[in-house]
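Fold and contact review
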Amino acid sequence: MLGKTANGLYWMFRYLERSENTARLVETGQRLALSQSGGRDSEWRSIVETAGESAGFDALHDAATKETAVDWMLRSKENSSSILSCIIAARMNARTVRAALTHEVWESVNSAYMTATSILARKVTERDLPKALGTIRRCTALVRGATHGTMMRNDIYNFARIGTFLERADNTARILDIKYYVLLPSVSFVGSPVDNVQWETILRSVSGYGGYRLAYGNNPNPRDIAQFLILDRRFPRSIAFCTHKLRDNLEHLALDYDGRMPSLEQIEQYEEKNRAQTIEGVFEYGLHEFIQKVLNQISGLSGQIEIDYRFYE
């Protein structure tokens, strides 16, 4: 496959996953803000920082209020990672690789684009925010369903899934980091009802509440939630699940192209280390520090994949 086509598929699915993850991030901020007393705007500064968009945001805004932060993350054209920007970019990449997509995938991307440009044409009110976020998530889920149901399991599919799982692992790590490092008001809140509500909110933000209850019971606690989202390979949004799928897809590409790339060796090393990891070890190391290490690994792997498959040729 030409590097340009692989690049288009990879980024198309990264942007689609990012748009859904940004919706989840905003939803997390909204729910966590409701669990805080006083309705402070500091939570929204935290959301912008965790998304990695504080520099661009600060260049255009004097302060991070709920209104400015939500609009920046949902529809700002100056923010390349806003939901609207991501869906527009995904459709542009889909047009570039149109011949590699099935009719169903192309139509679902087009539908997501038309829906997003319609509901994000103007500022979303607080009353309409939950509905708008839910609609974005359903649109991206339709693309994912069309991909699963109609695409050949070949190199096209593998590049699409690599983009998806890189972005998803990054998002799960960032959502965990919001809770532990940024939004907990004080060490004195650890183990309190406020702390437990925030952890449960994180779980719900990745659609993991039902799966968690099946695996760990009806009483969520920080240790088990962190275990579930970091190390449990059964949950499709955990870091361990995403790492395993990345290894699978890179192994399939190695078979397709009859050669092992450095990115495959890199993900093998990451997965082996993570398999040996325990949640007690994660907390002893420091959850924030561990998450930062994961984010650096994801960034490094992304760069290596782009080098290996000549995405810029």
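Residues numbered from 1 in each chain as written. Predicted model: local features only at pLDDT ≥ 70, side-chain atom pairs only at ≥ 80, totals over all residues. Heavy atoms only, no water.

**Quick look at the pattern of salt bridges**
Per the counting criterion, the structure on display carries 25 salt bridges. Measuring nitrogen to oxygen at the nearest pair gives 3.4 Å for the salt bridge that ties Lys123 to Glu67. Of this pair, Lys123 sits in the loop between helix H6 (103–119) and helix H7 (129–150) while Glu67 sits in helix H4 (residues 66–75); the two residues are 56 residues apart in sequence, bridging distant segments of the chain. Residue Lys123 shares its accessibility class with Glu67, and that shared class is exposed. (Salt bridge = Lys/Arg side-chain N within 4 Å of Asp/Glu carboxyl O. Helix = DSSP H or I, 4+ residues; strand = E, 2+ residues; numbered from the N terminus. Buried < 20%, exposed > 50% of the residue type's maximum accessible area, 1.4 Å probe, protein only.)

**A short note on the confidence of the model for the protein chain**
When pLDDT is averaged along the protein chain, the result is 88; 90% of the residues meet or exceed 70. Scored below 50 in pLDDT, residues 182–191 shows 21 contacts in the model against residues more than four places distant or in partner chains. (pLDDT = per-residue confidence, 0-100. Contact = heavy atoms within 4.5 Å.)

**Regarding the packing of helix H10 (residues 209–216) against helix H11 (residues 222–230)**
Interhelical geometry of H10 versus H11 gives an angle of 110 degrees and a closest axis separation of 11 Å. As the angle between them shows, H10 and H11 are arranged roughly perpendicular. The chirality of how H10 crosses H11 is right-handed. Contacts between H10 and H11 involve Gly211, Tyr212 and Tyr216 from the former and Asp224, Ile225, Gln227 and Phe228 from the latter. (Axes fitted to C-alpha atoms, helices over the stretch in contact; angles between N-to-C directions. Parallel < 35°, antiparallel > 145°, perpendicular 65-115°, else oblique. Left-handed = near helix turned anticlockwise from the far one by under 90°.)

**Observations concerning the environment of Ile230**
On the secondary structure map, Ile230 appears in helix H11. Between the C-alpha atoms of Ile230 and Ser85, which are 145 residues apart in sequence, the distance is 29 Å. The contact partners of Ile230, leaving out residues within four places of it in the chain, are Leu176, Ile239, Ala240, Ile279, Val282, Leu287 and Phe290.

**Here's the deal with helix H15 (residues 287–308)**
Across its 22 residues, H15 extends 31 Å between first and last C-alpha, which sits within 8% of the 32 Å expected from 1.5 Å per residue. Immediately downstream of H15, the backbone of Arg310 shows phi near 50 degrees, a positive value. (Expected span 1.5 Å × (residues − 1).)

**Points about the side chain of Asp177**
Examined against the element boundaries, Asp177 turns out to sit in helix H8 (residues 155–183). There is a polar contact of 3.0 Å between the side chain of Asp177 and the side chain of Gln292. (Polar contact = N/O pair within 3.5 Å; in protein donor to acceptor, adjacent residues only side chain to side chain.)

**With respect to unusual backbone geometry**
One non-glycine residue, Ser207, adopts positive backbone phi at about 55 degrees. Counting through the fold element by element, Ser207 comes out in the loop between helix H9 (193–205) and H10. Owing to a relative accessible area of 44%, Ser207 belongs among the partly exposed residues under this scheme. Here Arg310, not a glycine, exhibits a phi torsion of approximately 50 degrees, which is positive. Looking at the element boundaries, Arg310 is found in the segment after H15. Given the relative accessible area of 54%, Arg310 is considered exposed.

**Structural notes on the environment of Thr243**
Mapping Thr243 onto the fold places it in helix H12 (residues 239–257). Residues Thr243 and Glu271, spaced 28 residues apart in sequence, show a C-alpha to C-alpha distance of 6.3 Å. Thr243 has contacts with Ile267, Glu271 and Asn274, leaving out every residue within four places of it along the chain.

**Details of the packing of aromatic side chains**
Within a pair of aromatic rings, the relevant descriptors are the distance that separates the centres and the angle that separates the planes. Counted by the stated rule, this structure contains twelve aromatic pairs. Taking 5.0 Å as the distance between ring centres and 55 degrees as the angle between the ring planes, the aromatic pair formed by Tyr10 and Phe311 counts as tilted. With Tyr10 in helix H1 (residues 3–35) and Phe311 in the segment after H15, this residue pair connects regions lying 301 residues apart in the sequence. The class for Tyr10 is buried, based on a relative accessible area of 0%. The exposure class assigned to Phe311 is buried, which follows from its relative accessible area of 2%. Centre to centre, the rings of Tyr216 and Phe228 are 5.8 Å apart; their planes meet at 80 degrees, and the pair counts as edge-to-face. Of this pair, Tyr216 sits in helix H10 while Phe228 sits in helix H11; the two residues are twelve residues apart in sequence, bridging distant segments of the chain. Among the residues examined, Phe228 registers a relative accessible area of 3% and is labelled buried. Here a set of aromatic residues connected by ring pairs shows up, and it is made of Tyr10, Trp11, Tyr15, Phe159, Tyr257, Tyr309 and Phe311. Geometry around Tyr209 places Arg204 over its ring, the cationic atom sitting 3.8 Å from the centre. (Phe/Tyr/Trp six-rings, centres within 6.5 Å; stacked < 30°, edge-to-face > 60°. Lys NZ or Arg CZ within 6 Å of the ring centre and 35° of its normal.)

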